[in-house]
Amino acid sequence: MKRGDVKNLVRLHQINLILFEQGFGFILNKIKLSKLMPFNKRLFCKVKLKKHISDEVRLRLTLEKLGPTFIKLGQLLSVRPDLIPLSYVTELSKLQDHVPAVPYQDIRQVIEEELGKPIEKLFASFDRNPIASASVAQVHKAKLHNGEIVAVKVQRPNIDRVMKQDIELLFFIARELEKHFQNLRIYRPIAIVKEFSAWTQKELDFRFEASNAKIFKKNFKANKNVKIPNIYLTYSCKKILTMEYIDGISLHDVRELKKTRINIQKALDIGFDAFLTQVFDYGIFHGDPHPGNIIVLKDGSIALIDFGIVGKFNVNMKKSAQELLFGVIDSDYESVTKTLLRMSRTKRPSNLPELKQELKEVIEPMRNADLSEIRLSKVMEQALDIALRHKIKIPTDFALFGKTLVTLEGIGLRYDPKFRLIDSAKPFIEKLISEKGVSGIMVDKTLREIKRFTDSVAKVPEEINRALRTVQEGKVKVDIEDKDVKKLSKEIDRSSNRMSYGMIIAALIISGALVINSGTPILLGMPILSLLLYLGAGIIGALLIISILREVK
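Numbers given for residues are sequential positions, taken from 1 along each chain in its written order. Owing to the predicted nature of the model, reporting of local features is limited to residues with pLDDT of at least 70; listing and counting of side-chain atom pairs is limited to 80 or more, with chain, interface and lining totals taken over all residues. Only hydrogens and water are set aside when side-chain values are computed; all heavy atoms of the structure are taken into account.

1. Topic: a nonpolar patch on the surface
For step 1, the next point in the chain: Patch construction takes residues with relative accessible area above 30% that form no salt bridge. Like charges are linked within 9 Å, and nonpolar side chains (Val, Leu, Ile, Met, Phe, Trp, Tyr) are linked within 5 Å. Note that accessible areas follow from Shrake-Rupley with a 1.4 Å probe, and for residues the cover is restricted to the protein chains shown. By salt bridge we mean one thing: a side-chain nitrogen of Lys or Arg within 4 Å of a carboxyl oxygen of Asp or Glu. A surface patch of nonpolar side chains, amounting to about 670 Å² of accessible area, comprises Ile528, Leu529, Leu532, Leu535, Ile539, Leu543 and Ile546.
For step 2, the next point in the chain: By the element assignment, Ile528 lies in helix H22 (residues 528-552).
For step 3, the next point in the chain: By relative accessible area, Ile528 is classed as partly exposed at 48%. Helix and strand assignments come from DSSP, with helices taken as H or I runs of at least 4 residues and strands as E runs of at least 2, each series counted from the N terminus. For the exposure calls, accessible area comes from a 1.4 Å probe over protein chains only, and a residue counts as buried if that area is under 20% of its type's maximum, exposed if over 50%, partly exposed in between.

2. A short note on the side chain of Ser344
For step 1, the next point in the chain: The topology assignment puts Ser344 in the loop between helix H15 (333-343) and helix H16 (352-363).
For step 2, the next point in the chain: Non-local contacts of Ser344, meaning those with residues more than four positions away in its chain, are made with Ile392 and Lys393. Contacts are residue-level and defined by heavy atoms, with any inter-residue pair within 4.5 Å sufficient.

3. Some words on the pairing of strand E3 (residues 137-143)
For step 1, the next point in the chain: Buried residues dominate E3, accounting for five of its seven residues.
For step 2, the next point in the chain: Only strands that DSSP links by at least two bridges are regarded as paired with each other. As judged from the two bridges shared by strand E1 (residues 125-126) and E3, these two strands associate in the antiparallel manner. For Phe126, the partnering residue across the bridge sits in E3 and is Ala142.
For step 3, the next point in the chain: When strand E2 (residues 132-133) meets E3, the two strands line up antiparallel, connected through two bridges. Across the sheet, the residue bridging to Ala132 is Val139, located in E3.
For step 4, the next point in the chain: Here E2 folds back onto E3, and the loop between the two strands holds three residues.
For step 5, the next point in the chain: Judged from the seven bridges that link them, E3 and strand E4 (residues 149-155) form a sheet pairing that is antiparallel. Each bridged residue has a counterpart across the sheet, and for Lys143 the counterpart in E4 is Ile149.
For step 6, the next point in the chain: Following E3, the chain reverses through five residues before pairing antiparallel with E4; Gly147 in that reversal takes a positive phi of roughly 95 degrees.

Next up, the structure:
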């Protein structure tokens, strides 16, 4: 390493020491940073090292010791199962972001410098002690001159400068890791740091969070069960965010909630319905719904806070999410595989059969399971982990969707070990099905089967040409008697007839579905034309089955 490669050598020494203490000395040796530490310190770290903990736990503890920037990096990775293995995602979700509070005088100085007025002119009262303190900001309760109670989120002094310096060091370390560790290149350390750098810029600019909160406020304006705090833009800027104070109990506070008479199950059901509404109705969802960001109100309704991380779904992504959801519920691993591949931003995996087999092992066991037994989040989590191992690059927002499902089900399990997300999500899923319509689902399934059939038919000429080329090259010896040719001809005729019948049946079903809403319902909620078309499909299908059974005999 050249001296000019890193500007802040003092901070690099601090990082080196912590990495050695936590057992990552082998990395420093490989990237030639161990020479920056005296031999006696290296030896002391080896003696002191705890060897009984796992690599995942070791990494979490290391990030906590390295400070705010590295804690934030770990939190980003904990919501990105498309970037790191599942075991690390799970462990990094436990990262603690509680730090000692900044003195009131420092907070006061930030407020007055940013808003340009004495704090007494801005607020009628301002609590000196924070109600929450994290690595980037802390929150104080205050009262406006009009009597409204607010929560004021204030950025810690100089945190932007500290994080900028640490990110420069992270870029340096990432480059060295990719250079010296070939097996780490698949996780793209430099790309991760680039994304983290962009994410941090938004995290340090509270105007992004204010904008997101206003969107959520508008979306849930008519929903009496979900409250979004008002944002006071006059008292907000890049480093300060003033919002309505929410008087309730955080879902994080299990003990306090259990003391009350609040219906926690009702609150959880509202939360899951709100999340699915965000995804499938509005196309923008809260990307970090950990228990501290969900407040339960006295009447059992909920409030959402902290909109720093959000996911966004366009029409295609909504459709893919629905298909994946229904694919998991139907135990259709083929559908799940196709959906993941369609979303992938990289080339097809090198071993498609292995990918299908791994997804099959995760999804197919649910085929005979009761709906209430399905751990939807676990399946989604495992599917994303399989995609990562097969180098399938899933869109960031979809990975965030999957991780959010895991977080929400985790919250439910804290209150009820038998909790299943799919039970709470059932009303919304039924709503999706009703909007799509039973006929719509039949059409989708039929179209999938027709597409699978046409894909197979499309390959026939190619397969015939390949076979003919093989014959021409003299690689196959052909010796067929005339009766065998006749028998083969009959089989081809019979198969083509069946395919024709199958296509007619499919056409009748689709036609019946398309006209199901036209005319007056006379039986089972269907008009006469739909009934006749479905009846025709049923008769032809029955005749086809009888024909097949006769041949088997």
